Amino acid sequence: MNADPYAWIEKSLDTIRRADWYRSPQSIESCPGPRVKLAGDWLINFASNDYLGLAGDDRLIQAAISATKEFGTGATGSRLLSGHRDLHRQLELAIANLKQTEDALVFSSGYLANLGAIASIVSKRDLILSDKYNHSSLKNGAVLSGAQTVEYDHCNLEDLRSLLTEHRASYRKCLIVTDSVFSMDGDLCPLPQLLALARQFNCMVLVDEAHATGVFGASGAGCVEHFGCTGETLIQVGTLSKALGSLGGYVAGASALIDFLRNRAPSWIYTTGLTPADTAAALEAVKIVQQEPDRRDRLQQNIKNFKDNAISNYQLPVSNSDSPIFSFLLKDAATALAASSKLKEMGIFAPAIRPPTVSVSRIRISLMATHDPAHLQQLVEALRQI
Ligand SMILES: *Cc1c(COP(=O)(O)O)cnc(C)c1O
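Remember, predicted model here, so these are calculated numbers, not experimental data.

### Considerations on helix α6 (residues 157–167)
Then step 1. Taken together, the buried positions of α6 are occupied by Leu157, Asp159, Leu160, Leu163 and Leu164. The buried side chains of α6 occupy one side of the element, clustering within an arc of 155 degrees when seen end-on. Exposed side chains of α6 directed beyond 90 degrees from the buried face belong to Glu158, Thr165 and Glu166.
Then step 2. The opening residue of α6 is Asn156, an N-cap whose side-chain oxygen sits 3.0 Å from the backbone nitrogen of Glu158.

Structure (structure tokens):
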């Protein structure tokens, strides 16, 4: 009985290494922006979710500093105990205003927003229909809820319809769950058609706007606005940590829904409130998103410029997306790793994404409003050499 009960961990790590799936963080040594310093070298940054370039914006930095000076570094408790500040409420009202919903609730991360929302609105006797390519937080929210979960083929409404026809009647409530912009391929879910199906089968819809908020829609509200679905009854989740440059997540929707979540969502009730700094920075970011549509225009121009050049001119194997997210597909994990380090030698920071995160290994590219044409040119030249 002298066996080491932890010995499996090293063995497991060996297996991960042998498959070229081993990962470790890389340290960025500068402020976030279109160029970042990595291991002493300045690289053009195509690895960031800071689509509008707000994470290094002086107004967000100043808002975070003032809030910290006034309210301290920590919220000191959960929102229902000592962790609530008027700043949280201001941010929630600003998000509801951006989204044109009755109310919103801020969570400590987008991941926790998805876990909390899904786990509290459906349970054992209910059904979840989930897109195969949904984010990990949506999938784990489904697991946590205990609901019967069935995955439909990616963005495939016919598959979704046939699963609804087969299963819907056996369950009390049904929730359809989808990313609006898919985080790895950058494609958009067919939201209006999905909402129509949901109505036909009496289903709720939860849409994750993590990569869309601030990026899509005339006012930056996300894909719901982009597709003309503003005002429809649905559950919108998102993050404060991508285009909004801060940290945290939210759910936006009807006031009854938000009230219910404040009373039932475990990942909101039993966790510490967002820090004053993160809250104030996000609030400043929501204002900028609404007041500076030119940031979105510049991002759209960069998307078009990159597609024209990489896909139309050079026929590179890049996913054809309308979002700032692109994938450069490669045959296996080792090739993707080699490509990523070659890019680094050429002054480009773009990570290799490998299984189990995705099934096909790739270089993931994300564009920012603050990239200039020379940055994009350098990216395309580097990709051509791979
Ligand atoms: C990033 C992301 C999340 C998680 O948001 P965090 O605030 O980083 O926890 C959730 N859903 C999707 C689709 C994401 O891309």
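### Digging into the site of the ligand
Then step 1. The full set close to the ligand counts 15 residues, and Gly110, Asp208, His211, Thr239 and Lys242 are the nearest of them.
Then step 2. Between Ser241 and the ligand, the recorded distance is 2.9 Å, taken from a side-chain N or O atom to an oxygen atom.
Then step 3. The biggest single contributor to the shell around the ligand is helix α4 (residues 110–121), with three residues.
Then step 4. The residue inventory of the shell around the ligand, partitioned by class, reads two nonpolar, 10 polar and three charged.

### Focus: the sheet that holds strand β13 (residues 362–366)
Then step 1. Pairing is antiparallel in the open sheet, where three strands are placed in the order β10-β13-β12. Looking at the sheet topology across the chains shown, the edges are occupied by β10 (325–329) and β12 (352–353).
Then step 2. Pairing analysis gives five bridges linking β10 to β13, with the strands arranged antiparallel. The residue of β13 that forms the bridge with Leu329 is Arg362.

### Focus: the side chain of Gln236
Then step 1. Note on placement: Gln236 falls in strand β8 (residues 235–239).
Then step 2. At 3.3 Å, the side chain of Gln236 forms a polar contact with the side chain of Lys99.
Then step 3. Here Gln236 is in contact with Lys99, Thr101, Val207, Glu209, Val224, Tyr250, Val251 and Ala252, once residues within four sequence places are set aside.

### A short note on the environment of Gly253
Then step 1. Position of Gly253 among the secondary structure elements: in strand β9 (residues 249–253).
Then step 2. Residues contacting Gly253, with those up to four places away along its chain left out, are Thr101, Glu102, Asp103, Leu234 and Ile258.

### Regarding empty space enclosed by the protein
Then step 1. For the structure shown, the criterion picks out one cavity of 30 Å³ or more.
Then step 2. In this structure, the largest cavity spans a volume of roughly 50 Å³.
Then step 3. Looking at the lining of the largest cavity residue by residue, the classes come out as four nonpolar, four polar and one charged.

### Details of the layout of surface pockets
Then step 1. Reported here for the largest pocket is a volume of approximately 1,200 Å³.
Then step 2. Taken together, 39 residues form the lining of the largest pocket, with Arg23, Met184, Ala352, Ile353 and Thr357 sitting closest to its centre.
Then step 3. Those elements that place two or more of their residues in the lining of the largest pocket are α5 (136–145), α13 (333–345), β12 and β13.
Then step 4. When residues of the lining of the largest pocket are assigned to domains, at least three fall in each of domain 1 (23–51 + 293–385) and domain 2 (58–291).
Then step 5. Looking at the second largest pocket, its volume works out to about 410 Å³.
Then step 6. Contributing to the lining of the second largest pocket are 23 residues, with Glu232, Thr233, Leu234, Ile235 and Ala254 lying nearest its centre.
Then step 7. Secondary structure elements with two or more residues in the lining of the second largest pocket: α7 (191–200), β7 (204–208) and β8.
Then step 8. Of all the elements, α7 adds the most residues to the lining of the second largest pocket, at three residues.
Then step 9. Tallied by class, the residues present in the lining of the second largest pocket amount to 12 nonpolar, seven polar and four charged.

### Some points on the domain arrangement of the protein chain
Then step 1. For the protein chain, the domain assignment lists domain 1 (23–51 + 293–385) and domain 2 (58–291).
Then step 2. Centre-to-centre separation of domain 1 and domain 2, based on C-alpha positions: 26 Å.
Then step 3. The partner domain 2 presents 23 residues to the 20 residues of domain 1 that form the contact.
Then step 4. Counting the surface lost from both domain 1 and domain 2, the interface buries some 1,500 Å², and carbon and sulfur atoms represent 55% of this.
Then step 5. Salt-bridge contacts for Arg362 lead to Asp185; the nearest nitrogen and oxygen are separated by 3.0 Å.
Then step 6. For the pair domain 1 and domain 2, the interface holds 11 residue pairs in polar contact (both at pLDDT 80 or more).

### Looking at the sheet that holds strand β6 (residues 174–179)
Then step 1. What the seven strands build is an open sheet, ordered β3-β9-β8-β7-β6-β4-β5; its pairing is mixed. This sheet does not close on itself; its edge strands, each paired only once, are β3 (103–107) and β5 (148–152). Ignoring which end each strand starts from, the neighbouring axes of this sheet average 20 degrees apart.
Then step 2. Those strands touched by helix α3 (residues 86–99) are β3, β8 and β9, and its axis lies near 125 degrees from that of β3.

### Describing the nonpolar core
Then step 1. If you look at the biggest cluster of nonpolar residues, it comprises 64 residues, and the most contacted ones within it are Phe306, Ile365 and Leu367.
Then step 2. Here this core takes nine residues from helix α11 (residues 276–291), the largest share from any one element.
Then step 3. Both domains that furnish three or more residues to this core are identified here as domain 1 (23–51 + 293–385) and domain 2 (58–291).
Then step 4. Excluding its chain neighbours within four sequence positions, the residues that come into contact with Leu367 are Phe46, Tyr51, Leu299, Asn302, Ile303, Phe306, Pro324, Phe326, Leu376 and Leu379.
Then step 5. One finds Val150, Tyr152, Phe201 and Cys229 within the second-largest nonpolar core, a separate group that totals 24 residues.

What counts, and at which threshold
Residues numbered from 1 in each chain as written. Predicted model: local features only at pLDDT ≥ 70, side-chain atom pairs only at ≥ 80, totals over all residues. Heavy atoms only, no water. Buried < 20%, exposed > 50% of the residue type's maximum accessible area, 1.4 Å probe, protein only. Helix = DSSP H or I, 4+ residues; strand = E, 2+ residues; numbered from the N terminus. Arc of directions from axis to C-beta. Polar contact = N/O pair within 3.5 Å; in protein donor to acceptor, adjacent residues only side chain to side chain. Near = heavy atom within 4 Å. Nonpolar A, V, L, I, M, F, W, Y, C, P; charged D, E, K, R; others polar. Pairing = 2+ DSSP bridges. Contact = heavy atoms within 4.5 Å. 1 Å grid on protein atoms, 1.4 Å probe; cavity = no way out; pocket = protein on both sides within 12 Å on 5 of 7 lines; lining within 4 Å. Points joined across faces, edges and corners; volume = space filled by probe spheres on them. Domains from an automatic or database assignment. Buried area = accessible area lost by both parts, 1.4 Å probe. Salt bridge = Lys/Arg side-chain N within 4 Å of Asp/Glu carboxyl O. Axes fitted to C-alpha atoms, helices over the stretch in contact; angles between N-to-C directions. Core = buried A, V, L, I, M, F, W, Y, C linked by side-chain atoms within 4.5 Å.

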